[in-house]
Amino acid sequence: MDYLEFKIKCLDQFREILIAELSMIGFDSFLETEEGIDAYTLDSDFDRVAFDEVIAQYKVDADITLEEGIMPKVNWNEEWEKNYDPIAVDNLVYVRASFHSSQPGFTHEIVINPKMSFGTGHHATTFQMLRHQGEIDHQGKRVLDVGSGTGILAIMAHLRGASQVEAFDIDDWCVDNGNENFDLNGLTTRMDLGTIREVNPQGEFDIVLANINKNVLLDEMNIYTDLLKDNGFLLISGFYTEDIEDLINCAKPLGLELISQQSKDNWAALILQKKA
């Protein structure tokens, strides 16, 4: 089946925002260009109404113009090799693909071959989650990664000394890709398929990681809390800075206290702690 191709010209600071928004409505492939992004989705997955709503929302602020077309199937791995650059999160972690060279000077190194799964370190939410993981002691801890994507956060937990890491995602493509990335980074755990209610992980966990989106976070916050040990940490991202108050208001009645927050490109990330 052919892919629909959308060549979107936009202001530079809106690239990651558009990628995140379009990934939520069925787009599964993106390439960053000098003028914006190229976005791809299977014809059978395309939702015209939802797409038009996203474009309309950002058209003026992002100065969007676009061209639509049809593109035959391509070798996405080859395209990634052309367009996927390594990412450095401070001196904490260097995220690269297997076709990049290793670099000295970082505490950790993660090898990710994304194959179009979400979570490479390029997006502000993943970047901030990795940085927040650097603030939390993982040594000997039990960690749950919700909506794991490429598995990058689970891998980071492993590298930081977690004794047990569990991960799952609702997308079977992500699960296959995540398990490949686990193998590349020395994890023996396997990523499960399903929602948190379907997978039904058994607590208690010292750390829960959830880089998803606002609506899912609000819906599942009580589940995360129940799975956490007293004084355990919940790290969340996938929402805008203006949504921070809504997330905190949801967390407080559950006994979760805000420990730290950060923002990047209007995306936010929080560290919450379950008080005994």
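What comes next is a walk through the structure.

Parameters and conventions
Residues numbered from 1 in each chain as written. Predicted model: local features only at pLDDT ≥ 70, side-chain atom pairs only at ≥ 80, totals over all residues. Heavy atoms only, no water. Helix = DSSP H or I, 4+ residues; strand = E, 2+ residues; numbered from the N terminus. Rg over C-alpha atoms; globule rule 2.2 N^0.38 Å. Buried < 20%, exposed > 50% of the residue type's maximum accessible area, 1.4 Å probe, protein only. Contact = heavy atoms within 4.5 Å. Areas by Shrake-Rupley, 256 points an atom, 1.4 Å probe, with all protein chains shown as cover. Pairing = 2+ DSSP bridges. Axes fitted to C-alpha atoms, helices over the stretch in contact; angles between N-to-C directions. Lys, Arg positive; Asp, Glu negative; His and termini not counted. Salt bridge = Lys/Arg side-chain N within 4 Å of Asp/Glu carboxyl O.

Counting its secondary structure elements, the protein contains nine helices and 14 strands. Radius of gyration (C-alpha) of the protein: 18 Å, near the 19 Å computed for a compact globule of 276 residues. Principal-axis analysis of the C-alpha atoms gives the protein an extent of 55 × 40 × 35 Å. In the protein, which comprises 276 residues, the proportion classed as buried is 53%. Considering only contacts in the protein between residues 6 or more positions apart, those separated by 24 or more positions represent 63%. With an accessible surface of roughly 12,500 Å², the protein has 46% of that area assigned to carbon and sulfur atoms.

The strand order across the open sheet built from seven strands is S10-S9-S8-S11-S12-S14-S13, with neighbouring strands paired in mixed fashion. Unpaired on one side and paired on the other, strand S10 (192-193) and strand S13 (256-264) mark the two borders of the sheet. Packed on one face of the sheet, helix H5 (residues 152-159) meets strand S8 (142-146), strand S9 (164-169) and strand S11 (205-211) and runs near 180° to S9. Against the sheet, helix H9 (residues 244-251) makes contact with strand S12 (228-240), S13 and strand S14 (267-274), and its axis sits at roughly 15° relative to S14, the strand it touches most.

What follows concerns the side chain of Arg 160. Structurally, Arg 160 can be placed in the loop between H5 and S9. We note that Arg 160 is buried and unpaired, the nearest opposite charge coming from Asp 137 at a distance of 5.8 Å. Those residues in contact with Arg 160, other than ones at most four positions away along the chain, are Leu 92, His 108, Gln 133, Gly 134, Ile 136, His 138 and Gln 139.

Structurally, Ala 20 is set in helix H1 (residues 15-23). In this structure Ala 20 comes out as buried when scored by relative accessible area, which is 4%. Along the primary structure Ala 20 and His 123 are separated by 103 residues, whereas in three dimensions their C-alpha atoms are 8.1 Å apart. With residues near it in sequence (within four places) discarded, Ala 20 still touches His 123 and Trp 267.

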